[in-house]
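# Per-entry structural report
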Amino acid sequence: MATDAHTEGSGLSFHPMDQFIVKPIFGGDEFSWYTPTNATLWMAIGILAVVALLVLPTARRALVPTRGQSIAELAYVFVHKMIEDVTGKDGLKYFPYIMTLFMFIVISNFLGLIPMAFTPTSHVAVTGVLALAVFLTVTVLGFVLNGTKFLGLFWVASAPLALRPILAIIELISYFVRPITHSVRLGGNMMAGHAVIKVFAGFAQVAAVSPIAIAGVVAIYGLEVMVAFIQAYVFTILTCVYLKDALHPSH
Amino acid sequence: MATETHGAAALDAAHGGADMASVAAESAGMPQLDPAVFPNLIFWLIVALIALYLILSRVALPRIAGILSERHGTIANDLAAAEDLKAKAAEADAAYNQALADARAEAQKIAADTRAEIQADLDEAIAQADAEISERAAQSEKAIAEIRASAVESVREVATATAAELVAALGASADDAVIAKAVEDRMKG
C-alpha cells in the first residue's frame, strides 16, 4: 500500500501506514522487547486516562454524583449490566477482567483519534493477544467448570442425529476461528479507519480536491468516533458471549 | 511524520540496512505485520493490562460499587421512610376523622337528650296545666250550679211572695202552703 503510494506521483506522497510504525520514544532505530516505544507511551497515557476517568472523579464518593463521577458510574454500570444480561449473575465474578478489556480498548480507540497519536488497538499483535487471552481463559474455564460436559457445546443436541457430526465440525471450526475474527475485527476496523483518514488527508495536498478531501476527513473522523466505541463494545459483548458458553455450555 | 520516516529510511540506508526489521516493515507496507515489533508490543500490552487490572480491581471498581450500593441503600431507606410517613399521615387522618365523627355523634346525642328533657318538662307542664284547668272548670261548674240553684230558689221565693201578695191584694186569703204548692206546680211547668 505504502509502496504503491510512493510510486504514484512525484509531488503527491501518501504514507497512510506510517502512523502504525512502532518506534522507540527515546530515539534510535533498534529496539528489543523491553524498549519503551510509542506504543508504550500511548498505553501509559491510556492507563492515566482510565485513572482520570474512573478513579479521580469518584474520590469524593458523593451520594449525588458530580459530572465526572456520573461518567465513571455510567461506564461501570454499562459493562456490569452487559455481563449480567449476557452471561447471567454468575458471570459477574469476571467483571474486573472484562472491565479491564473494555476500558483498555475503548480508551485506546479514542486516544488513537487524537492527531499524531498511536493506536495500540490497530495492531493485530495487540488485539490478537487480547483475543487469545479471552479464548484461552474461556476454554480453560469451560473445562474447569463443566468438565467434559463443555464438549456438549459442539454437540448440538437439538439437531437431528444425522446432522450432529457435521454440525459438530462446523461448531468446532467456528470455535477455533473465534480468536482470529475477534482480534482482526477490532484491529482491522481501527487500522482501516485511521488509514482512510490519512489517505483523505493526503489528497488535501492537491488544491483542487482539498475541500472535498477535508470534508471527507471530517466525515470519516465522525464515523471513526462511532466505530471507536462500537468496536470496543463489540469486543466486550463477544467476550461476554464466549464467557456464557464457558459457564452454560448447553445450547 | 512522513519526513520522519524518510529520515529513518535514510538512516537505514546509511546503516547499510543494518535494521532489517524496519526495512521489512516498510517494504511489507503494513507495520502491523512486522514480526519484529510483536515481542515489544505484547510485552508492553501485558504490562499495561496488568496495571489496568490492578487499578480497576483494587481501587476503581470497589469504590464505584460502594458508591452505587450506598446510593441504592439511601434511596431504599428514604423510600421506606416516606412510606412510613405516609402511613402515619393516613393514620392521623383516620384519627382526625374518627374524632370528628365522635364529636358529631356526641353533639347529636346531647341535642337529642336536651330535646327529650325539654319535651318531658313540657309534657309535665302541659299535664299540670290541664289538671289545673279541669279543676278550675269543675269549680266553676259547681259555682254556676250553685248560683243556678240559688237563683231558682230565689225565683221561687220571689214568686211565692209575689203570689201571696197578689192573692192578698185580690182580697182572698190563701194558705201559704197552698200558694207554695201552686208556685211549685207552675214552675215545673
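Reference entry: report on the structure contained in this document.

Cut-offs applied
Residues numbered from 1 in each chain as written. Chains lettered and ligands numbered in written order. Predicted model: local features only at pLDDT ≥ 70, side-chain atom pairs only at ≥ 80, totals over all residues. Heavy atoms only, no water. Axes fitted to C-alpha atoms, helices over the stretch in contact; angles between N-to-C directions. Helix = DSSP H or I, 4+ residues; strand = E, 2+ residues; numbered from the N terminus. Parallel < 35°, antiparallel > 145°, perpendicular 65-115°, else oblique. Left-handed = near helix turned anticlockwise from the far one by under 90°. Contact = heavy atoms within 4.5 Å. Nonpolar A, V, L, I, M, F, W, Y, C, P; charged D, E, K, R; others polar. Buried < 20%, exposed > 50% of the residue type's maximum accessible area, 1.4 Å probe, protein only. Patch = residues over 30% accessible without salt bridge, like charges linked within 9 Å, V, L, I, M, F, W, Y side chains within 5 Å. Areas by Shrake-Rupley, 256 points an atom, 1.4 Å probe, with all protein chains shown as cover. Salt bridge = Lys/Arg side-chain N within 4 Å of Asp/Glu carboxyl O. 1 Å grid on protein atoms, 1.4 Å probe; cavity = no way out; pocket = protein on both sides within 12 Å on 5 of 7 lines; lining within 4 Å. Points joined across faces, edges and corners; volume = space filled by probe spheres on them. Core = buried A, V, L, I, M, F, W, Y, C linked by side-chain atoms within 4.5 Å. Buried area = accessible area lost by both parts, 1.4 Å probe. Polar contact = N/O pair within 3.5 Å; in protein donor to acceptor, adjacent residues only side chain to side chain.

This part is about the packing of helix α2 (residues 38-55) of chain A against helix α4 (residues 95-111) of chain A. Residue and element names in this part refer to chain A. The N-to-C vectors of α2 and α4 enclose an angle of 110 degrees; their axes lie 9 Å apart at closest approach. Between α2 and α4, the interaxial angle falls into the category roughly perpendicular. In this structure, α2 meets α4 at a crossing whose hand is right-handed. Residue-level contacts link Trp42, Met43, Ile45, Gly46, Ala49, Val50, Leu53 and Leu54 of α2 to Met99, Met103, Phe104, Ile107 and Leu111 of α4. In the contact of α2 with α4, the residues fall into 12 nonpolar, 1 polar and no charged.

All names here are of chain A. In this structure, Arg61 is a non-glycine residue whose phi angle is positive, near 50 degrees. By relative accessible area, Arg61 is classed as partly exposed at 45%. Of note in this structure, Met116 is not a glycine but carries a positive phi near 75 degrees. Tracing the sequence through the fold places Met116 in the loop between α4 and α5 (124-146). On the basis of relative accessibility, which here comes to 60%, the residue Met116 falls in the exposed class.

Residues and elements named next belong to chain A. Note that Phe102 resides in helix α4. Residue Phe102 is classed as buried on the basis of its relative accessible area of 4%. Along the chain, Phe102 and Met190 lie 88 residues apart, while their C-alpha atoms are 15 Å from each other.

Turning to a nonpolar patch on the surface, a few remarks are in order. Residues and elements named next belong to chain A. Residues Phe110, Tyr221, Leu223, Val225, Met226, Phe229, Ile230 and Tyr233 make up a contiguous nonpolar surface patch of roughly 650 Å² in combined accessible area. In terms of residues, the nonpolar patch owes the most to one element, helix α7 (residues 210-247), which gives 7 residues. Tracing the backbone shows Tyr233 in helix α7.

This part takes up the layout of surface pockets. One water molecule sets the probe size; rolling that probe over the atoms shows where empty space is left. If you add up the space inside the second largest pocket, you get close to 240 Å³. Class assignment of the residues belonging to the lining of the second largest pocket gives a composition of 8 nonpolar, 3 polar and 1 charged.

What follows is about the nonpolar core. In this structure, Leu54, Met99, Met103, Phe104 and Leu130 of chain A together with Leu56 of chain B are the most contacted members of the largest nonpolar core, which totals 65 residues. Residue assignment for this core shows that the elements contributing at least two residues are α2, α3 (67-87), α4, α5, α6 (164-203) and α7 of chain A together with α3 (38-169) of chain B. Counting residues per element, this core draws most heavily on α4 of chain A, which supplies 11 residues. Once residues lying within four places of it in the same chain are set aside, the contact partners of Leu56 of chain B are Val50, Leu54, Met99, Thr100 and Met103 of chain A together with Leu61 and Pro62 of chain B.

What follows deals with the interface of chain A and chain B. Contacts between the two partners involve 56 residues from chain A, matched on the other side by 45 residues from chain B. Buried surface at the junction of chain A and chain B, summed over both partners, amounts to about 4,500 Å²; 75% is from carbon and sulfur atoms. Taken together, the connections running from chain A to chain B amount to 1 salt bridge. Residue Glu73 of chain A is joined to Arg71 of chain B by a salt bridge in which the shortest nitrogen-to-oxygen separation is 2.8 Å. Linking chain A to chain B there are 11 residue pairs in polar contact (both at pLDDT 80 or more). Where the side of chain A that touches chain B is concerned, the elements lending two or more residues are α1 (2-8), α2, α3, α4, α5 and α6 of chain A. Counting residues per element, the side of chain A that touches chain B draws most heavily on α2 of chain A, which supplies 8 residues. Tallied by class, the residues present in the side of chain A that touches chain B amount to 36 nonpolar, 13 polar and 7 charged.

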